[in-house]
Each structure stands twice: as structure tokens, then as C-alpha cells.
Amino acid sequence: MDTDLSSQDRKDLDKFIKFFALKTVQVIVQARLGEKICTRSSSSPTGSDWFNLAIKDIPEVTHEAKKALAGQLPAVGRSMCVEISLKTSEGDSMELEIWCLEMNEKCDKEIKVSYTVYNRLSLLLKSLLAITRVTPAYRLSRKQGHEYVILYRIYFGEVQLSGLGEGFQTVRVGTVGTPVGTITLSCAYRINLAFMSTRQFERTPPIMGIIIDHFVDRPYPSSSPMHPCNYRAGEDNGAVYPSVEDSQEVCTTSFSTSPPSQLSSSRLSYQPAALGVGSADMGYPVLFAGGLNAAHPHQLIGPGKEGGVPPVPSQPTHGTQADQERMCTPLDGVHYSAATPSSSEDTETVSNSSEGKCGSPHDLLETIFIRKVGAFVNKPINQVTMANLDIPFAMFAPKNVELEDNDPMVNPPESPETESPLQGSLHSEGSSGSSTGNTHDDFVMIDFKPAFSKDDILPMDLGTFYREFQNPPQLSSLSIDIGAQSMAEDLDSLPEKLAVHEKNVKEFDAFVETLQ
Amino acid sequence: MVGPGRSRCCAPSSAGRAMNCRAEVLEVSVEGRQVEEAMLAVLHTILLHRSTGKFHYKKEGTYSIGTVGTQDVDCDFIDFAYVRVSSEELDRALRKAVGEFKDALRGSGSDGMGQISLEFYQKKKSRWPFSDECIPWELWTIKVNVVNLANEQERQICREKVGEKLCEKIINIVEVMNRHEYLPKMPTQSEVDNVFDTSLKDVQPYLYKISYQITDSLGTSVTTTMRRLIKDTLAL
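Residues numbered from 1 in each chain as written. Chains lettered and ligands numbered in written order. Predicted model: local features only at pLDDT ≥ 70, side-chain atom pairs only at ≥ 80, totals over all residues. Heavy atoms only, no water.

(A) Just the overall build of chain A, in detail. Along its length, chain A carries 11 helices and 11 strands. In chain A, which comprises 516 residues, the proportion classed as buried is 41%. Nonlocal contacts in chain A, meaning residues at least 24 apart in sequence, comprise 81% of its contacts between residues at least 6 apart. Per element, the accessible surface of chain A, about 30100 Å² overall, is 56% carbon and sulfur. (Helix = DSSP H or I, 4+ residues; strand = E, 2+ residues; numbered from the N terminus. Buried < 20%, exposed > 50% of the residue type's maximum accessible area, 1.4 Å probe, protein only. Contact = heavy atoms within 4.5 Å. Areas by Shrake-Rupley, 256 points an atom, 1.4 Å probe, with all protein chains shown as cover.)

Next up, the structure:
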């Protein structure tokens, strides 16, 4: 069997790998835009969807990817990496994930390029779609906005995993064997998000202030701070984004259903496209802001609406004047050399406008430094109602002692003289009828004048009679001297009394009979 | 039993079942209201990998393939999001199957344990009077255990935990898919209906059928394949 790759197969394979790399970058970056992606299925092949998957092409992303690749393909020791990082509004950033497209030496010489490899690459892209939603950075990216943004950076060369912190985890998306090597797609992601859990990135500005204090070890030295990015598209449209010539190469795939021996008759035909798919309707406004740091990632914030972004030609707008000068250099020329991976880091920061989704970072700075004073503390109490009183409930204490004499509760006013004799009699009854003989201070003594009496001259007058018989002596049987007798004595005397009564039973019975 | 819109049923092949069919089992423990979304997430992820664009056959035995679109789905009761094929017909078919499974799980005699199976099969034509054989080549079984939670705090924890578990399941599924094990070879135009479900208008999944079993409290499984047994005897 012919193990050498035919030139056509080789060309096809190179093409597949190149577009696979570009589509991989698109899938990863689009998954970190922070919004839901939706593309339509189409039953009739349009000829422009590589790997039979509807993956839109964001021109800037394609441009960056091509710049990073610079005409080369992933090979042994030369991997294409997409770095996803998070940048807070304070300027701190942290690498979250590194997606690596690698090639190793393990070849599968017998595999069919135009058929099996292509389909397996398609399957691998589907797996990538699924896996990009599963790593922790997806949830972070869905919540990006005011407090932080997600940035991407593409580089080519050796994989650098040091920025992921300790204990990062790796998930393998899949592998596809080809006659020139095995393509491997994997993701290494940070798990040490201890001071940056997804919960802390909900939209509550005061909490953000506390989080900032936890940034003890900054991944980037503070000597090279990131510049604030302009989140809005500028008005003046200067340079239009250079269109990418061959990014929209059309791939019309047709497969043969003939038996494998006749498979060589199948061909892939592709034509250079006049208009790429999606380049007209994918106007993500893109801004460049200057950056000092060599490792400036690209920042992507998707448009606020899903799929409804008006086409705006992307152009550079600048935060500061100084930035503008630096800006021109990356735009004009691409300095990239494959031999030195470190220089492949781009010096521009790309940010997409999000139509009001991200406000100015300065607003946030003001809100960050609200310090909580303490629970239930509003302001110092300036007034004290009873400042000089040390006793509790001082305000309820009687304020003036002198007034006590005037207190009506203490000194009741004099009761008026009774006018009717009846009232008077009632009055005196109360005072004189009391067995204990208490006389209230409030009662006033008046003369007793009984009704219908002439006068009080005769000794046995009605009034006299009343007085004498008002206080009759108590019955002797009712006057019990309690102090002298006790219950115990009563009980003791009971048996004697019972004995006496029993003796006189007959008398009692006779008495009862007389009653009947 | 829910499957593609083909009315012709085929008898299961016992021989084929043993030989080429690879079987994968996934287990999840979810709350009652999470059953639907969890099942849909897993089934859609599997079908994303097992669907292609529509085939268009041309002369000279060549064919071209349509485009498969995808879309993100957010779960309401789980902290989770997944990608599915952009096909309303396929989504409807899966929702119908999962809905029946969920109702059966809730029904009486169920301890909240059951399993739903997604089987990919090929049809093999037989001569008359024998009906076609269905030869499964991949079987996914998702075992479900429904838990009851007491309070809102537990539910919140469950949301997150089930989300993490589903992430693991997606990684497992992708791992299996990328082993590149047996797949039916691409069919000719006359054979395409034996390999693919061509009834959908925008995508073309491999022929599949979904069935489920509920474990009742006695531990025996009341299967929905009772009908299938009857059909088997009638077919022969």
C-alpha cells in the first residue's frame, strides 16, 4: 500500500489543519464572549461552512489567529495556544485557561485524509463546542461586565502553563490521527480560583472592594499596568480593519460513496471566495487601546444583543494621546517571528463595545472604596436629651420636686359642701357606720339631721333613736376570739362534743318527732 | 418507545447485540425538577456528536453534506449550560421522550429510580418473510436517581453539585466519542435510511431509539419493552 501521501492529499491535509486551527480559535473565543451562541442548520450545503458546522467567523479573531500562525501550521514543538484570562476593572488579571492545539509524531499512515480525517476533525470541533461550556471559565465569562472582562490571546510556539497557578487541571477534548502526525486538542484550566469564585463576581460593587484586597500576588508586576480600555466604539472611523483575503475560502466537500478502493476519485474542490460568509454581518466593533505590557491579551465583550449587532466597521480609538502613537505600529506591520514565541505576544488590546454593558471603569472605582463602618452605626449622636443624668430612664424621673405639692394626685382639691341632706346622710353613714371607726381625712363632719324630725331638743327624738340603735352590740356567738383558739383545739374538742351528743340522742329524736 | 418517525419496526438481533455494540453507562442523582434538563443535556450532547448535515446525493455516487448549526441552552434548575444541535424537530423528539420518562418516574410504584437508554442502530435488510434486523452499535444508558430535598438551602447546593456532575458527564461523553471506535460506514443513497434518520429536515442523526425503564419499589424493572416482546413473537 502506498504509504506516502499524494501531493493532493498533502495539500488537502494542510488545508484541513489550517482551517481547523482557525475554527478552533473561533469556537473558543466565541464561547468566552459572555453570551449564548446560536447558529442555524442548513440542509443544503452552502459550500462555505468548514467541517459541515455553522461556526461564524469573527474577522478580528481570524486576523489575530492568522497573525499568530503566520503561515505556519501546528507541528511538533509548535503548538497553537489560545490563552483566556480575566481582567478586573482594577487592572489585575489572571490566566484562566490555555487551549492547546498540538501535533505529535504519531502518524496514522493508512487513514484517509479527505474522508476520515475530515469527519473526525468535524467531530473534534463538536467536542470542543461541548467542552468550552463545561470549564469554569464559561460561567465566569457569562457574568463578565462591569467588574471584570475576559480576554484572549493567541500565540504559537511552546505552551506556557505557568500562569495557571498550582494544581491546574487538564481536560483532553480529543485527538485525530493523520498521516503526518496526531492532532491533539486539550485545555488546561486554573482551579485555584479561591479568591475569585464565580459568586464574588455578581454585580455588587461593594463586594468588589473587598476582593481587591485579596490580590496579594499579582500575576503581572505593577510596573506595567494595563491601560483602561475604551468600551465604546468611537465615532470617527479612521482605518478600516484590513480584510482578510483568504479567510473565507470556500470549501465544497463532496464525498464518494464508492468502495474504499475507488476513493481516490473523490475530490475536494474549493474556490476562493469573493465575499466571505459573515464578514458583512459580523461587524463587531473593535477598539484598540495602547498597551505597554508585552503580554496584552485581546479583550472581547460581545454585543449586548444576541446576533443583532449593527455592522460597524471596526477601527482604532484611543484612550489617550500617547496610546495613539503606539497604536499605529502594530497596525502597520506585523512583527512576528516564529522562532521566538515571546515576541509573538501582541501589543494591542482589543476590546469590543458592548453597547452600554460596561460603563467607565472610573465609576466603579468610586464605588469600590465604600468602607463599612459597622453594623447599625449611622452617625455619631450629637444630642443627648438628658445629657447630665447618669441614672437610667432619667427622662422619666420627676423633673421638679417643687411641683409635687401641686400634684393633683397627691393633694386632691377640697370636696364641695353637700347641698342635699341625703348626700349628707350618706356621707355620715360612711364615716360613722364603719366598724373599725376609721375616719377618712376627706370626709367632713356635719350634723345629722334625720328626715321628718322637728328638732333635737327632746331626748327620745328620732335622731337619738337612730343613733342609739345604729350601733347595736355584736352577738356573742359571732365574736370569735381567733387568737385564743386554734384549729387544733377545735378538732380536739370535737370527740367530746360528739360523745355528749350521742348521749342525748333520744332527746334529739323526740324533738325531731315533735317537729313532724 | 420513542424513535425516529419510521413506522416500520425491526426485530432486535441478539447476535448483533453481543458483538459490535459498545455500551456506556452514566449515573446521575438529581432532584425531581432537574430530571428533564439533566436528561436533555446528556442526550443532546450525545446527539450533537452523532448527527451530521443532510446528505445530498449527486451523480457518480458522490454526495455533499449540509451544515449543522448549534445553539447554547441554559438550564433553569441546574447551574449548567450545554450545546445542542439547532434542530427544533430533534429537540421536540427528545423532549417528548424525556417528558414520558419524567412522568413515569413520578408515577406510583416508583422509588425515583429509573434509566433512560439511547441506542444507535443500523438496519439490516433481510429477505422476505423475515423483517429487517436492527443491529445496535452504540448504547448509552443514563441511570437516574431522584432525590427529595428538604429546604431551599439544600436545593441551592443541589443546583451547583448537579451542574458539576453534568460537566463531568459531558467530559466522559466527549472522551468516548473521541476514541473513534466503530461507526457505520457511509452508506450509498439506497442504504442511507438504514444508517441515518432522514426524516428530519435540517439535520441527519444516526438511527436511534430511546427507551426507558422504571425500577419500582420491589426492585424489579417494569420495562416498556413489553410491547417489543410481543412484537418479536409476532414478527417471527
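(B) Representation of the interface of chain A and chain B in the model. Facing 43 residues of chain A, the contacting portion of chain B comprises 42 residues. At the boundary of chain A with chain B, total buried surface from both sides reaches about 3500 Å², with 54% on carbon and sulfur atoms. Inspection of the chain A/chain B interface yields four salt bridges. Arg-142 of chain A is the partner of Asp-74 of chain B in a salt bridge, and the nearest nitrogen-oxygen pair spans 2.6 Å. Our count for the chain A to chain B interface comes out at 18 residue pairs in polar contact (both at pLDDT 80 or more). Within the residue set of the side of chain A that touches chain B, elements represented by two or more residues are α3 (113-131), α4 (136-142), β4 (169-178) and β7 (255-256) of chain A. For the side of chain A that touches chain B, the leading source of residues is α3 of chain A, giving 10 residues. (Buried area = accessible area lost by both parts, 1.4 Å probe. Salt bridge = Lys/Arg side-chain N within 4 Å of Asp/Glu carboxyl O. Polar contact = N/O pair within 3.5 Å; in protein donor to acceptor, adjacent residues only side chain to side chain.)

(C) Structural view of the nonpolar core. Met-39, Phe-80 and Val-144 of chain B are the most contacted members of the largest nonpolar core, which totals 116 residues. Residue contacts for Val-144 of chain B: discarding those within four places in its chain leaves Val-28, Val-30, Val-35, Met-39, Phe-101, Leu-105, Gly-112, Met-113, Gly-114 and Gln-115 of chain B. Ranked by size, the runner-up nonpolar core spans six residues in total, among them Cys-81, Ile-98, Cys-100 and Ala-188 of chain A. (Core = buried A, V, L, I, M, F, W, Y, C linked by side-chain atoms within 4.5 Å.)

(D) Spotlight on the packing of α3 of chain A against helix α4 (residues 152-177) of chain B. Across the interface, α3 of chain A lies against α4 of chain B with an axial gap of 10 Å and an inter-helix angle of 170°. Classed by the angle they form, the pair α3 of chain A and α4 of chain B counts as roughly antiparallel. Residues Leu-123, Ser-127, Ala-130 and Ile-131 of chain A of α3 of chain A form the contact with α4 of chain B, whose own contacting residues are Ile-170, Ile-171, Val-174 and Met-177 of chain B. (Axes fitted to C-alpha atoms, helices over the stretch in contact; angles between N-to-C directions. Parallel < 35°, antiparallel > 145°, perpendicular 65-115°, else oblique.)

(E) Structural view of a negative patch on the surface. Together, Glu-489, Asp-490, Asp-492 and Glu-496 of chain A line one region of the surface with negative charge. Summarising the element assignment, Glu-489 of chain A is placed in helix α10 (residues 487-503). (Patch = residues over 30% accessible without salt bridge, like charges linked within 9 Å, V, L, I, M, F, W, Y side chains within 5 Å. Lys, Arg positive; Asp, Glu negative; His and termini not counted. Charge placed at Lys NZ, Arg CZ, Asp CG, Glu CD.)

(F) View of a nonpolar patch on the surface. Residues and elements named next belong to chain A. Together, Leu-462, Phe-465, Tyr-466 and Phe-469 line one region of the surface with nonpolar side chains, adding up to about 380 Å² of accessible area. Residue position: Phe-469 is located in helix α9 (residues 462-470). Judged by relative accessible area, which is 54%, Phe-469 ranks as exposed.

(G) A look at the pattern of salt bridges. Enumeration over the complete set of coordinates arrives at 24 salt bridges over all chains. In this structure, Lys-36 of chain A and Asp-74 of chain B form a salt bridge, with 3.9 Å as the shortest nitrogen-oxygen distance. Placement of Lys-36 of chain A in the loop between α1 (7-31) and α2 (59-69) and of Asp-74 of chain B in strand β6 (residues 70-74) is noted, with the two residues assigned to different chains. Taking relative accessible area as the criterion, Lys-36 of chain A reaches 28% and is therefore assigned partly exposed. Residue classification places Asp-74 of chain B among the partly exposed residues on the basis of a relative accessible area of 28%. Across the pair Asp-79 of chain B and Arg-139 of chain A runs a salt bridge, and its minimum N-O distance is 3.8 Å. Placement of Asp-79 of chain B in the loop between β6 and β7 (81-85) and of Arg-139 of chain A in helix α4 is noted, with the two residues assigned to different chains. Residue class for Asp-79 of chain B comes out buried when judged on its relative accessible area of 15%. Among the charged side chains, a salt-bridge network with shared partners connects Arg-22, Arg-50, Glu-138 and Glu-181 of chain B.

(H) Layout of the pairing of strand β5 (residues 62-65) of chain B. Residue and element names in this part refer to chain B. The alternating pattern of β5 places Thr-62 and Ser-64 on one face and Tyr-63 and Ile-65 on the opposite face, and all of these are buried. Relative to β5, strand β4 (residues 55-57) runs antiparallel, the two sharing three bridges. Counterpart to Tyr-57 in the pairing with β5 is Tyr-63. Once β4 ends, the chain turns through four residues before running back antiparallel as β5, passing Glu-60 with a positive phi of about 60°. (Pairing = 2+ DSSP bridges.)

(I) The confidence of the model for chain A, seen in detail. Residue and element names in this part refer to chain A. Mean pLDDT over chain A works out to 64, with 45% of the residues at or above the 70 mark. Here strand β9 (residues 286-289) stands out as the least confident element of chain A, with mean pLDDT 32; strand β5 (residues 181-189) is the most confident, with 94. Under a pLDDT of 50 for its full length, residues 299-373 has, in the predicted model, 176 contacts with residues more than four places off or in other chains. Long-range and interchain partners of residues 413-440, a stretch whose pLDDT sits below 50, account for 12 contacts in this model, where long-range means more than four residues apart. (pLDDT = per-residue confidence, 0-100.)

(J) Examining α10 of chain A more closely. With 17 residues, α10 of chain A ought to run about 24 Å at 1.5 Å a step, and its terminal C-alpha atoms sit 25 Å apart, in line with that. At Leu-494 of chain A, α10 of chain A shows its maximal kink, close to 30°; a proline, Pro-495 of chain A, follows between one and four residues later. (Expected span 1.5 Å × (residues − 1). Bend = angle between axes of the 7 residues up to and from the residue.)

(K) Region of interest: the pairing of strand β2 (residues 93-104) of chain A. Residues and elements named next belong to chain A. Among the 12 residues in β2, 10 count as buried, and that is most of the element. Relative to β2, strand β1 (residues 79-88) runs antiparallel, the two sharing eight bridges. Looking at β2, one finds that Ser-85 is bridged to Glu-95. In this structure, the hairpin formed by β1 and β2 is closed by a connection of four residues, where Gly-91 is found at a positive phi of approximately 105°. Relative to β5, β2 runs antiparallel, the two sharing eight bridges. Considered in β5, the bridge of Ile-98 is made with Ala-188.

(L) Fine view of the packing of aromatic side chains. Counted by the stated rule, this structure contains 16 aromatic pairs over all chains. Taking the centre distance of 5.7 Å and the plane angle of 50° together, the rings of Trp-50 of chain A and Phe-51 of chain A count as tilted. The same class applies to Trp-50 of chain A and to Phe-51 of chain A, which are both buried. Their ring planes at 25° and their centres at 4.5 Å tell us that Phe-196 of chain B and Tyr-206 of chain B sit as a pair that is stacked. Of the two residues, Phe-196 of chain B is situated in the loop between α5 (192-195) and β10 (203-205) and Tyr-206 of chain B in the loop between β10 and β11 (208-216); the sequence distance between them amounts to 10 residues. (Phe/Tyr/Trp six-rings, centres within 6.5 Å; stacked < 30°, edge-to-face > 60°.)

(M) Fine view of the environment of Val-85 of chain B. For Val-85 of chain B, the position within the fold is in strand β7. Given a relative accessible area of 1%, Val-85 of chain B falls into the buried group. Distance from Val-85 of chain B to His-44 of chain B, taken between C-alpha atoms, is 7.2 Å for residues 41 residues apart in sequence. Setting aside anything within four residues of it in sequence, one finds Val-85 of chain B in contact with Ser-41 of chain A together with Leu-47, Leu-48, Ser-51, Val-68, Gly-69, Leu-90 and Val-203 of chain B.

(N) The arrangement of the environment of Glu-158 of chain A in detail. When you line up the elements, Glu-158 of chain A lands in the loop between β3 (148-157) and β4. Considered as a pair, Glu-158 of chain A and Gly-77 of chain A are 81 residues apart in the sequence and their alpha carbons are 6.4 Å apart.

(O) Summary view of helix α3 (residues 88-106) of chain B. Here α3 of chain B spans 26 Å end to end across 19 residues, near enough to the 27 Å set by a 1.5 Å rise per residue. Every buried residue of α3 of chain B is listed here: Leu-90, Asp-91, Leu-94, Ala-97, Val-98, Gly-99, Phe-101, Lys-102 and Leu-105 of chain B.

(P) Fine view of the environment of Phe-16 of chain A. Here Phe-16 of chain A lies in helix α1. Taking C-alpha positions, Phe-16 of chain A is 8.7 Å from Trp-50 of chain A, a pair spaced 34 residues apart along the chain.

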